[in-house]
Amino acid sequence: AQSVTQPDIHITVSEGASLELRCNYSYGATPYLFWYVQSPGQGLQLLLKYFSGDTLVQGIKGFEAEFKRSQSSFNLRKPSVHWSDAAEYFCAVVTSYDKVIFGPGTSLSVIP
Amino acid sequence: EADIYQTPRYLVIGTGKKITLECSQTMGHDKMYWYQQDPGMELHLIHYSYGVNSTEKGDLSSESTVSRIRTEHFPLTLESARPSHTSQYLCASSESRSEQYFGPGTRLTVT
């Protein structure tokens, strides 16, 4: 079955520390991959996306993600976290049948 | 600039009332979606549409209904609101196999 997992429900990091949020998917073909961020009480905003080509993609707000086909992963990274990065992060997959599958989300807290 | 609007942003209403949550987008996207999300929790797809006069139920069963008479408009209706309907409702739109653009959400409280 097609699915997206985000193994970490909640992560806490200190401001200035590096960050990696994990995303794994289960899908037979190469999906289109996305990371979204959601601030409290708001809708989701696209951080970055991967369709094809270079497996390291850059996004907004200093985020990047790397697609690893062998691991079926699309982990999100940021070298230095800011307090304003505290939010909920969702990984998503769009299949060749145009079905959208969201992961359960990872909540990020930032310690000043 | 991606523009997708939801009204109202907040709604407190009594049990048994009929409500309609509005969603409009100005991007000409064929695909539109409604998600239900409890605070800090995952998104649940409740309805989607691939174009005018096309509506489908999503993965999560919902007592709400939707319509798609115009490309830009995708309202969600609850005929008789109940406390179990208390949640945040997010509307989104997209082109084929592309990112979704989300509205700001409607936070519904049924008393």
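Here is what the cut-offs are and how they apply
- Residues numbered from 1 in each chain as written.
- Chains lettered and ligands numbered in written order.
- Predicted model: local features only at pLDDT ≥ 70, side-chain atom pairs only at ≥ 80, totals over all residues.
- Heavy atoms only, no water.
- Disulfide = S-S within 2.5 Å.
- Helix = DSSP H or I, 4+ residues; strand = E, 2+ residues; numbered from the N terminus.
- Contact = heavy atoms within 4.5 Å.
- Buried area = accessible area lost by both parts, 1.4 Å probe.
- Salt bridge = Lys/Arg side-chain N within 4 Å of Asp/Glu carboxyl O.
- Polar contact = N/O pair within 3.5 Å; in protein donor to acceptor, adjacent residues only side chain to side chain.
- Pairing = 2+ DSSP bridges.

Trainee: Pulling in residues and values, what's your account of the state of the cysteines?
Mentor: All names here are of chain A. With the rule as written, the count across this model stands at 2 disulfides over all chains. Shown here is the disulfide that connects Cys23 with Cys91, its sulfur atoms set 1.9 Å apart. Negative torsions about the S-S bond denote left-handed disulfides, and the value of about -65 degrees found for Cys23 with Cys91 makes this one left-handed. One end of the pair, Cys23, is in the loop between β3 (19-21) and β4 (24-26); the other, Cys91, is in strand β10 (residues 87-94), with 68 residues separating them in the sequence.

Trainee: Describe the environment of Lys57(B), listing the residues and the values that go with them.
Mentor: Residues and elements named next belong to chain B. Within the secondary structure layout, Lys57 lies in strand β6 (residues 54-57). For Lys57 and Trp34, which are 23 residues apart along the polypeptide, the C-alpha to C-alpha distance reads 9.7 Å. Setting aside anything within four residues of it in sequence, one finds Lys57 in contact with Ile46, His47, Tyr48, Ser62 and Ser64.

Trainee: Account for the interface of chain B and chain A, naming residues and giving values.
Mentor: By a widespread convention, an interface's size corresponds to the accessible area lost as its parts come together. Of the residues lining the interface, 22 residues belong to chain B; the matching set on chain A comes to 23 residues. Taken together, the two surfaces of chain B and chain A that pack against each other cover about 1,700 Å², and 47% of this comes from carbon and sulfur. If you sort the residues of chain B by the area they bury against chain A, Arg97(B), Glu99(B) and Phe102(B) come out on top, with a joint share of 40%. Linking chain B with chain A are 3 salt bridges. Residue Lys99(A) is joined to Asp59(B) by a salt bridge in which the shortest nitrogen-to-oxygen separation is 3.6 Å. One can count 10 residue pairs in polar contact (both at pLDDT 80 or more) joining chain B with chain A. Those elements that provide at least two residues to the side of chain B that touches chain A are β4 (31-37), β9 (87-94) and β10 (100-102) of chain B.

Trainee: Tell me about the sheet that holds strand β3 (residues 19-25) of chain B, residues and numbers included.
Mentor: Residue and element names in this part refer to chain B. The strand order across the open sheet built from 4 strands is β1-β3-β8-β7, with neighbouring strands paired in antiparallel fashion. The sheet terminates laterally at β1 (4-7) and β7 (65-66), the two strands that pair on one side only. For β3 and strand β8 (residues 76-78), the ladder comprises 3 bridges, and the chain directions are antiparallel. Looking at β8, one finds that Leu21 is bridged to Leu76.

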